[in-house]
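Results of the structural survey
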Amino acid sequence: MAKDSFLVGLIGAGVGPSLSPALHEREADRQGLRYLYRLIDIDVLGVRPEAVGELLCAARDLGFDGLNITHPCKQLVIGHLDALAPQAEALGAVNTVVFENGRATGHNTDVTGFAASFARGLPDAPLERVVQLGAGGAGAAVAHAMLTLGAGRVTVVDALADRAADLAASLNRHFGEGRATAAVPDRLPQLLADADGLVHATPTGMAAHPGLPLPARLLRPELWVAEVVYRPLETELLRTARAVGCATLDGGGMAVFQAADAFRLFTGREPDAARMLADIAELAGVVGSPK
């Protein structure tokens, strides 16, 4: 008989506001599953990110079916896993762990989540020259997604020059030399003047980090703008870009599609992404996610 009861969780710092529990549990309810999604906040527990290994072992011993992993543990968790899916191995980061037959396997659904969201929301966007702002964990995932979607070249811009250079080098190893370059923020005016689109992958625009990640004057109507931040769905960057005339993509799609992929890995059931997109629009306080 097919399993119909699941215990999963999310390990990370400051995960209290996460919409993942509601996204997963709502879809499970519609499918008639008993599904409990617990938050395991290292800030609340008062432990360092390096404790992710102990938390992982405890969850496995307690009968969890799987875990989502978020900042700052996506790389730290790798050393505590038995196996890595190819996408997670290529990226060097894990956001989903599945427990099965005593083994812990790491996956990355951020890459597939962003790719699915972009293909749905900006299907005809030109991809020859893409500028990406942010080279952290989310940045690595979306850069992989953009190159997987066929971007000609991705220029990774980060205030930490070494971080941008490391990500660009990793992308070139995986996708071929010349597919990625690194740059510092001072070069944004020149880069965006020639770019097809901008991917934003820094925390700026989140409720706790309001504001614009770059000067508004750098935006022009021919540029498409894709956002990773999903709380709020309507960031200042998206508002400003739409006012200029840019085609835009909010971060809600990535949040939903990565959650849907994780749900599938945990349960073996096919989630209804359309219903989950409606869920996130409601949960984030917006009726109808702007495109």
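Now for a quick tour of the structure. (Residues numbered from 1 in each chain as written. Predicted model: local features only at pLDDT ≥ 70, side-chain atom pairs only at ≥ 80, totals over all residues. Heavy atoms only, no water.)

Bringing the sheet that holds strand β11 (residues 224–227) into the picture now. Pairing within the open sheet is parallel, and its 6 strands lie in the order β9-β8-β7-β10-β11-β12. Of all the strands in the sheet, the pair left with one neighbour each is β9 (180–183) and β12 (248–249). Bridging between strand β10 (residues 197–200) and β11 involves 4 bridges; their strand directions are parallel. By the bridge assignment for β11, His 200 is matched with Glu 227. Its contacts with the sheet put helix α7 (residues 161–175) on β7 (129–133), β8 (153–157) and β9, and the angle it makes with β9 is roughly 175°. (Pairing = 2+ DSSP bridges. Helix = DSSP H or I, 4+ residues; strand = E, 2+ residues; numbered from the N terminus. Contact = heavy atoms within 4.5 Å. Axes fitted to C-alpha atoms, helices over the stretch in contact; angles between N-to-C directions.)

Generally speaking, a soluble globular protein has its nonpolar side chains buried in company with each other. Of all hydrophobic cores here, the largest spans 33 residues; its most connected members are Phe 114, Phe 118, Val 130, Met 146, Val 199 and Trp 224. Sorting the residues of this core by element identifies α5 (109–121), α6 (137–148), β8, α7 and β11 as the ones contributing at least two each. In terms of residue count, the dominant contributor to this core is α6 (7 residues). Not counting residues up to four positions away in its chain, the partners in contact with Phe 118 are Pro 123, Ala 125, Leu 127, Met 146, Leu 149, Trp 224, Ala 226 and Leu 249. (Core = buried A, V, L, I, M, F, W, Y, C linked by side-chain atoms within 4.5 Å. Buried < 20%, exposed > 50% of the residue type's maximum accessible area, 1.4 Å probe, protein only.)

Turning to the side chain of Asp 261, a few remarks are in order. With respect to the helices and strands, Asp 261 occurs in helix α10 (residues 252–267). Here the side chain of Asp 261 touches Thr 112 through a polar contact of 2.6 Å, side chain to side chain. Excluding its chain neighbours within four sequence positions, the residues that come into contact with Asp 261 are Thr 109, Thr 112 and Gly 113. (Polar contact = N/O pair within 3.5 Å; in protein donor to acceptor, adjacent residues only side chain to side chain.)

Moving on to the pairing of strand β6 (residues 103–107). Bridge count for strand β4 (residues 83–84) against β6 is 2 bridges, and the pairing is parallel. Counted as the bridge partner of Leu 84 is Gly 106 from β6. Both strand β5 (residues 96–100) and β6 contribute to a ladder of 5 bridges, which runs antiparallel. Residue pairing in the sheet places Val 97 in a bridge with Gly 106 of β6. Between β5 and β6, which follow one another and run antiparallel, lie 2 residues, and Asn 101 among them has a positive phi close to 55°.

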